Amino acid sequence: EVQLVESGGGLVQPGGSLRLSCAASGFTFSSYAMNWVRQAPGKGLEWVSSIQSRGKIVYVDSVKGRFTISRDNAKSTLYLQLNNLKPEDTAMYYCAKASNGEGEDGYFEVWGQGTLVTASS
């Protein structure tokens, strides 16, 4: 069974930081692109970042310079470091497994349960 379990969310003040983790199991983690997607309250899904199986990284413009995606293939774990958080970053953050290693012309075939990030004073 393919499973993704997110953790690390919480309540922080604007300007603060969090590190999200996504523990993966049930598939060859190193062979697949992985993604972070978020959903703010009352809004739709927004793709945040991806990392290919070979390490190429892409971010949505709004988080460039603030968020860092990484992966530890030996631990089958995906990470997202969130720095300088803004109120508009408040959302449920999901990790999602791509259907291939490149993250191109594919889809998000497995999702985790999500972890809530709240940046508010």
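Heads up: the structure comes first, above all this text.
Description of the structure in this document. (Residues numbered from 1 in each chain as written. Predicted model: local features only at pLDDT ≥ 70, side-chain atom pairs only at ≥ 80, totals over all residues. Heavy atoms only, no water.)

## Let's talk about the environment of T115
Tracing the sequence through the fold places T115 in strand β11 (residues 115-119). On the accessibility criterion, T115 (10% relative accessible area) is buried. Linking T115 and S70, residues 45 residues apart in sequence, is a C-alpha distance of 17 Å. Each residue touching T115, except ones within four places of it in the same chain, is listed here: E6, S7, G8, G9, L20, A91, M92 and Y93. (Helix = DSSP H or I, 4+ residues; strand = E, 2+ residues; numbered from the N terminus. Buried < 20%, exposed > 50% of the residue type's maximum accessible area, 1.4 Å probe, protein only. Contact = heavy atoms within 4.5 Å.)

## Description of the sheet that holds strand β8 (residues 77-82)
Read across the open sheet, the four strands follow the order β1-β3-β8-β7; overall the sheet is antiparallel. Looking at strand neighbours, the two that pair on one side only are β1 (3-7) and β7 (67-72), the edges of this open sheet. Direction aside, the axes of adjacent strands within the sheet are offset by 15° on average. Direction of pairing for strand β3 (residues 18-25) relative to β8: antiparallel, over a ladder of six bridges. (Pairing = 2+ DSSP bridges. Axes fitted to C-alpha atoms, helices over the stretch in contact; angles between N-to-C directions.)

## Regarding the nonpolar core
Ranked by size, the top nonpolar core spans 28 residues in total, and within it L4, W36, F67, L78, L80, L85 and Y93 carry the most contacts. Elements with a contribution of two residues or more to this core: β3, β4 (34-39), β5 (45-51), β7, β8, β9 (91-98) and β11. The element that contributes the greatest number of residues to this core is β3, accounting for four residues. Ignoring anything within four residues of it in the chain, the contact list for Y93 reads E6, L20, W36, V37, R38, F67, L80, L82, G114, T115 and V117. (Core = buried A, V, L, I, M, F, W, Y, C linked by side-chain atoms within 4.5 Å.)

## Some thoughts on the side chain of T90
Considering the arrangement of structural elements, one finds T90 in the loop between β8 and β9. Take T90: its relative accessible area is 17%, and that puts it in the buried class. Of the polar contacts made by the side chain of T90, one reaches the backbone oxygen of P87; its length is 3.0 Å. Reaching out from T90, the side chain makes a polar contact with the backbone nitrogen of A119 at a distance of 3.0 Å. Those residues in contact with T90 that sit more than four places away from it in its chain are A40, P41, V117, T118 and A119. (Polar contact = N/O pair within 3.5 Å; in protein donor to acceptor, adjacent residues only side chain to side chain.)

All we've got here are geometric facts, nothing functional implied.
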